[in-house]
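Survey of secondary and tertiary structure
Residues per chain, in single letters:
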Amino acid sequence: MVRVMVVDDHPMWRDAVERDLQAAGHEVVAVASNGREAMARFPAAAPQVVVLDLQLPDHSGVQVTSMMLEHDPTARVLILSASGEQTDVLDAIKAGATGYLVKSASSAELIDAVTRVADGDTVFTPGLAGLVLGEFRRIADGPADDPVDQLTERETEILKMVATGMSYKQIAARLVLSHRTVQNHVQNTLRKLQMNNRVQLTRWAIEHGLDDTRE
Amino acid sequence: MVVTVNMVGLNAYRRDNFEHPDLGLAVVVALAAWTVAATWLYRDRARRTAVLLVADLAIVLAALVVTPWVKSPDFNATIPGFYVMGAFFAWAIHWHWRGGLVASALIAAFDLLPRSEVDQGNYGNTFLILIGGPIVGFMCESLQRMARERDAAERAAAAAEERTRLARAVHDGVLQVLAMVQRRGAADGGEWAELGRLAGEQERGLRSLIRQQDTVPTGAGGRVDLAGALEAMATAHPVRVEVATPGGAVLVEAHVASEVVAAVSACLDNVLAHVGPGATAWVLAQSAPDEVTVSVRDDGPGIGEGRLDEAAAQGRLGVASSIRGRVEELGGTARLESGSWGTEWELVVPLA
């Protein structure tokens, strides 16, 4: 059983997701329809997994993600989005979300994703894998002095397979690896992405003198 | 105001030049009063009418005309002196170079005509007025036009942004409903499953359309967005296709884009022919500074060992060779891999 919080501004969706999760034996500990409500209810509800619609009316999906994870780093955020806005999705993942699903995914896929995210696994769609590959590509083509982690060849290879819709099982079979190893590689790509994001943010802060406390 | 003070001061200093000091004082006081009135009148846009501008200029001209009677006929400086500036700037600002020209010509004429003799200084002053009027007018016109153009551009940008925002809100609502129908349809089965499948197709189409909109081609030097072109082609293709792009536009030469899209389309045709209409395919576009890589995978049973060689031997490799041909034409390579996980084409095209 996983303690879940559902954040979505469409009541229709909130109810459907809530029903599905409860039917699968999970506990929905809180619901919210915008970023403000979500932040107000998150600390008391202490969910393990937050199912979050990026398209909130107050445009706060990415911000909500980072605030929640700052408050409780053990919580997991699963992004559920209708339109798959590219930059928003990537920003939410950089902010620490570990899963992404489009809303047209079936209830079985959603429940599976919630369980996996709760276990610390990452849930990628092919589209997201493509974006992450693109992001690392942009980093690789950027200034060479960047102190950021690049993907290993193996990680790139696996991410490419995820981006062409292959399941971890298929990837494991194709590369003659264990399922767990494939999982670890995918997790590593996200960890590196989030780490790079932090490095960039820190560097930006230093360049702009935000670390200077003497003043 | 400054020129008024200048005018009052100069006239007070040179009052011994006046033949009729009382009359001169009256004229100066009248001009000073008019300055205060004009300052107040010009402040409000609604009061800046042609009548005001004509009155302003007429008063200045009148002051010029009365100079010979008030001072001696062979006077040196007119009573208003540099005070004429105010009126002719107003004309230049309001009616641009034409206004500036008319006002400066009138002032020059009224300044020169009453004089008994024209010396070099008078000539220089009137010449400056004649030149300055149209130039100030022209500059005002340019400034106003630039301000108008900037306002128009800002308005257009704001309108476009608002349209996109509204479209997003509308699209999001539609996508939510389509996704919901698809989800419920799949759960209920039967006729509803068919409806759900249709909703799913529409949802994918709309989603890809939105992404194409996000990556509007910047169109620099005849280059087009390959990612958007792949999305567009894949949406229209009968095979169910998911397209993954690096995010943002992948700009390539137009003919490279059309050839790559045609090659990928051929790959998808192949999927349809060998795996069937129930197949799903994935297209992944990756972009590096010197090359683009497009992978196409299907979830079919794969091609058996030796099947390809056999087909090649029998000369039945039409589609595969057309894919290779297109890519090699662009100086790239096409690689085919197959296994229990399906069949995958990897097309690598260099960007010269």
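Criteria and thresholds
Residues numbered from 1 in each chain as written. Chains lettered and ligands numbered in written order. Predicted model: local features only at pLDDT ≥ 70, side-chain atom pairs only at ≥ 80, totals over all residues. Helix = DSSP H or I, 4+ residues; strand = E, 2+ residues; numbered from the N terminus. Buried ≥ 20, exposed ≤ 12 C-beta atoms within 10 Å, placed from the backbone. Contact = placed C-beta atoms within 7 Å. Nonpolar A, V, L, I, M, F, W, Y, C, P; charged D, E, K, R; others polar. Pairing = 2+ DSSP bridges. Axes fitted to C-alpha atoms, helices over the stretch in contact; angles between N-to-C directions.

If you look chain B up in an unreviewed UniProt entry, it shows as Signal transduction histidine kinase from Nocardioides cavernae.

An unreviewed UniProt entry lists chain A under the name DNA-binding NarL/FixJ family response regulator, from Nocardioides cavernae.

1. Let's talk about the overall build of chain B
A count of helices and strands for chain B gives ten helices and seven strands. Expressed as a percentage of its 352 residues, the buried residues of chain B come to 36%.

2. Observations regarding the interface of chain A and chain B
Facing the 32 residues of chain A at the interface are 34 residues of chain B. Looking at the side of chain A that touches chain B element by element, the count peaks at nine residues for helix α6 (residues 126–141) of chain A. Here the side of chain A that touches chain B is composed, by residue class, of twelve nonpolar, 15 polar and five charged.

3. Remarks on the sheet that holds strand β4 (residues 280–287) of chain B
Strands sit in the order β2-β4-β5-β7-β6 (chain B) across an open sheet of five strands; the sheet is mixed. The strands lining the two open edges of the sheet, one partner per strand, are β2 (240–244) and β6 (333–339) of chain B. Each neighbouring strand pair of the sheet contributes to a mean axis angle of 15°, computed without reference to strand direction. Here β2(B) pairs with β4(B) via five bridges, running parallel. Bridge assignment links Arg240(B) to a residue of β4(B), and that residue is Thr280(B). Packed on one face of the sheet, α6(A) meets β2 and β4 of chain B and runs near 25° to β2(B). Running over the sheet, helix α7 (residues 226–236) of chain B touches β2, β4 and β5 (291–298) of chain B and is turned about 170° from β4(B).

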